[in-house]
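# An overview of the molecular structure
Residues per chain, in single letters:
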Amino acid sequence: MSTDTRDIYVSALRNTHALEMQALQIMERQVERLEHYPELTDALRKHIDETHGQRQRLDEALHSLNETHSVIKEGFLGFVGNMMALGHTPAQDEILKNTYANHAFENFEIAAYESLIEIGAAAGQTAHHTALRQSLDEEKAMAQRVHDLIGPVTRRYVELTASGAKADR
Ligand SMILES: [Fe+2]
């Protein structure tokens, strides 16, 4: 049985919507807990705002096809969920695990948007191409910010830990 390319596109839009909902949860939880890493807090706050816009763009694309987003797809998010669980165990190095996981997550999102845009093109659905490209560009910028923060966050972690201070978050 063949599947209509439109249905493949709708499915990809829903998966990406579920991914953004997961992103919001992960980032909001981190922002609530962060104490010693203000640059990371700022980057996450900014990206939380952007992510609300990204979720909105996906909703608009779904609505224009007379579809809605579905409830969270566990199967799709299983991998990401496991990856993000890395940072959830309270530990002195929680900040490092979150940093690695954030880097992986943003790159996961980049792949998801590049694939989604490709699927849209294959399905002849280009109405939201520009909007989805904007989301992709935001993910790339956030991935770069997260990457650029690996050094500063790690140095601060070492400095705090070596001086006997709490450095976990
Ligand atoms: Fe993101």
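Every value quoted in this text rests on a predicted model; they were computed, and no experiment measured them.

## Notes on the overall build of the protein
Secondary structure assignment for the protein yields five helices and zero strands. For the protein, the sequential pattern of α-helices and β-strands runs α-α-α-α-α. Out of the 169 residues in the protein, the part that is buried amounts to 43%. Accessible surface computed for the protein: about 8700 Å², of which carbon and sulfur atoms make up 53%.

## Observations regarding the pattern of salt bridges
This structure, assessed with the given rule, holds 12 salt bridges. When the shortest N-O distance is used, the salt bridge between Arg33 and Glu94 registers 2.8 Å. Here Arg33, found in helix 1 (residues 5–33), pairs with Glu94, found in helix 4 (residues 94–122); they are 61 residues apart in sequence, far enough to count as distant. Residue classification places Glu94 among the buried residues on the basis of a relative accessible area of 3%. Taking the shortest distance from any N to any O, the salt bridge between Lys140 and Glu114 comes out at 3.7 Å. Remark: Glu114 occurs in helix 4 and Lys140 occurs in helix 5 (residues 129–162); sequence separation between them is 26 residues. According to the relative accessible area criterion, Lys140 is partly exposed, its value standing at 34%. According to the relative accessible area criterion, Glu114 is partly exposed, its value standing at 38%. A cluster of three or more residues bridged by salt bridges with shared partners is formed by Arg6, Asp7, Arg14 and Glu67.

## Examining the nonpolar core
The biggest cluster of nonpolar side chains holds 23 residues, and the ones touching the most others in it are Leu34, Tyr37, Leu40, Leu44, Ile95 and Tyr157. Among the secondary structure elements, those contributing two or more residues to this core are helix 1, helix 2 (38–64), helix 4 and helix 5. Once residues within four sequence positions are removed from consideration, Tyr37 is found in contact with Ile95, Val153, Arg156, Tyr157, Leu160, Ala167 and Arg169. Among the nonpolar cores identified, the runner-up in size contains 16 residues, and Val10, Leu13, Ile110 and Tyr113 belong to it.

## As for the coordination of the iron ion
His47 (NE2), Glu106 (OE), Glu109 (OE) and Glu139 (OE) make up the full set of protein donors to the iron ion, lying at 1.9 to 2.3 Å. Bound by four donor atoms, the iron ion shows angles of 79 to 162 degrees at the metal and therefore irregular coordination geometry. Each donor residue of the iron ion lies on one chain, and together they are spaced H-x58-E-x2-E-x29-E. Highlighted residues: Glu106 in helix 4 and Glu139 in helix 5, separated in sequence by 33 residues. A relative accessible area of 0% places Glu139 in the buried class.

## Regarding unusual backbone geometry
You will see that Asn66, though not glycine, has its phi angle at about 60 degrees, which is positive. If you trace the backbone, Asn66 turns up in the loop between helix 2 and helix 3 (74–85).

About the criteria used
Residues numbered from 1 in each chain as written. Predicted model: local features only at pLDDT ≥ 70, side-chain atom pairs only at ≥ 80, totals over all residues. Heavy atoms only, no water. Helix = DSSP H or I, 4+ residues; strand = E, 2+ residues; numbered from the N terminus. Buried < 20%, exposed > 50% of the residue type's maximum accessible area, 1.4 Å probe, protein only. Areas by Shrake-Rupley, 256 points an atom, 1.4 Å probe, with all protein chains shown as cover. Salt bridge = Lys/Arg side-chain N within 4 Å of Asp/Glu carboxyl O. Core = buried A, V, L, I, M, F, W, Y, C linked by side-chain atoms within 4.5 Å. Contact = heavy atoms within 4.5 Å. Donors = N, O, S within 2.8 Å, 3.2 Å for Na, K, Ca; no water. Tetrahedral: all angles 85-135°; square planar, octahedral: opposite > 155°, others 65-115°.

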